[in-house]
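This is what each chain is made of:
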Amino acid sequence: MAAAGDGPWLDDAAGRLVRPFTISNGRTRPSVAFDLMSQVMATGVTPLGHPGPEHSLALDLCRAPISVAEVAAHLKLPAAVTKVLLSDLVDCGALTTKPPEFHHNPTDRALLEAVLDGLRRQL
């Protein structure tokens, strides 16, 4: 029996009824480079053909900007599969993407030293 809100793709006893690799047609690499923090948003363009149920759910989630990681969590799919699914939607013009914005220098020496100090305290 499907859990409430999960649709026919989940079963309480068996788990996911459709294996993740079938959602991406066995593909393991997206055509678009995504970071887990990349933002995706629907453009309003309707994909040609009949997108799968996960594609439709992803489009619904992307009405407002949302990160790739959040989409994966909501869809209960591995990030790698979600990236392939989202790249399909970018390729057909249904989604737009932008890389995450960082407001600090990721190679800032003070930041790296603080991270190193924190790791040392954990050991």
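Up top is the structure these notes are about.
All residue numbers refer to position in the chain's written sequence, counted from 1. Only residues with pLDDT of at least 70 get local features here, since the model is predicted, and only at 80 or more are side-chain atom pairs given and counted; chain-wide, interface and lining totals rely on the full set of residues. The side-chain figures draw on all heavy atoms in the structure; neither hydrogens nor water molecules are used.

Trainee: Describe the nonpolar core, with residues and values.
Mentor: The nonpolar side chains of soluble globular proteins are, as a tendency, buried together. In these notes, a set of buried Ala, Val, Leu, Ile, Met, Phe, Trp, Tyr and Cys residues joined through side-chain atoms within 4.5 Å is what counts as a nonpolar core. Each residue is assigned to one of three classes by its accessible area relative to the maximum for its type, calculated with a 1.4 Å probe on protein chains only: buried under 20%, partly exposed between the two thresholds, exposed over 50%. Ranked by internal contacts, the top residues of the largest apolar core, which has 18 residues, are F34, V40, A58, V71, L86, L89 and L95. Under the scheme used here, helices are H or I runs from DSSP no shorter than 4 residues and strands are E runs no shorter than 2 residues, and both carry numbers assigned from the N terminus. When contributions to this core are tallied by element, the ones reaching two or more residues are α2 (53-61), α3 (68-75) and α4 (79-91). Take this core: its biggest share by element is 5 residues, from α4. Not counting the four nearest positions on each side in its chain, L95 is found in contact with V40, M41, A42, T43, L59, C62, L86, L89 and V90. The criterion used for residue contact is that any of the two residues' heavy atoms lie within 4.5 Å.

Trainee: Please provide a residue-by-residue account of the pairing of strand β3 (residues 39-42), values included.
Mentor: Should DSSP find at least two bridges between two strands, the strands are regarded as paired. In this sheet, strand β4 (residues 66-67) lies alongside β3 in antiparallel orientation, the contact comprising 2 bridges. Of the residues in β4, the one forming a bridge with V40 is I66. Where β3 lies against strand β5 (residues 95-98), 4 bridges are found, and the strand directions are antiparallel. Following the sheet pairing, A42 is matched in β5 by L95.

Trainee: Any details on the sheet that holds β3? Residues and values, ideally.
Mentor: The 3 strands are arranged β4-β3-β5 in an open sheet whose pairing can be described as antiparallel. Strands at the two margins of the open sheet, each flanked by one partner only, are β4 and β5.

Trainee: Mind laying out the packing of α2 against α3, listing which residues take part and the relevant values?
Mentor: For any two helices packed against each other, one specifies the crossing angle of their axes together with the interaxial distance. Contact geometry of α2 with α3 gives a least axis separation of 10 Å together with a crossing angle of 130°. On the basis of their axis angle, the class for α2 and α3 is oblique. The handedness of the crossing between α2 and α3 is right-handed. Note on element contacts: α3 touches α2 through V71, H74 and L75, opposite E54, L57, A58 and L61. All residues other than Ala, Val, Leu, Ile, Met, Phe, Trp, Tyr, Cys, Pro, Asp, Glu, Lys and Arg, Gly among them, are scored as polar; the first ten of these are nonpolar and the last four charged. Of the residues contributing to the contact of α2 with α3, the split by class is 5 nonpolar, 1 polar and 1 charged. Interaxial angles span 0 to 180 degrees and are taken between N-to-C directions of axes, which are lines fitted to C-alpha atoms, for helices over the stretch in contact. Orientation labels follow simple angle bins: below 35 degrees gives roughly parallel, above 145 gives roughly antiparallel, 65 to 115 gives roughly perpendicular, and whatever is left gives oblique. Crossings are sorted by hand: turned counterclockwise from the far helix by less than a right angle, the near helix makes the crossing left-handed, and turned clockwise it makes it right-handed.

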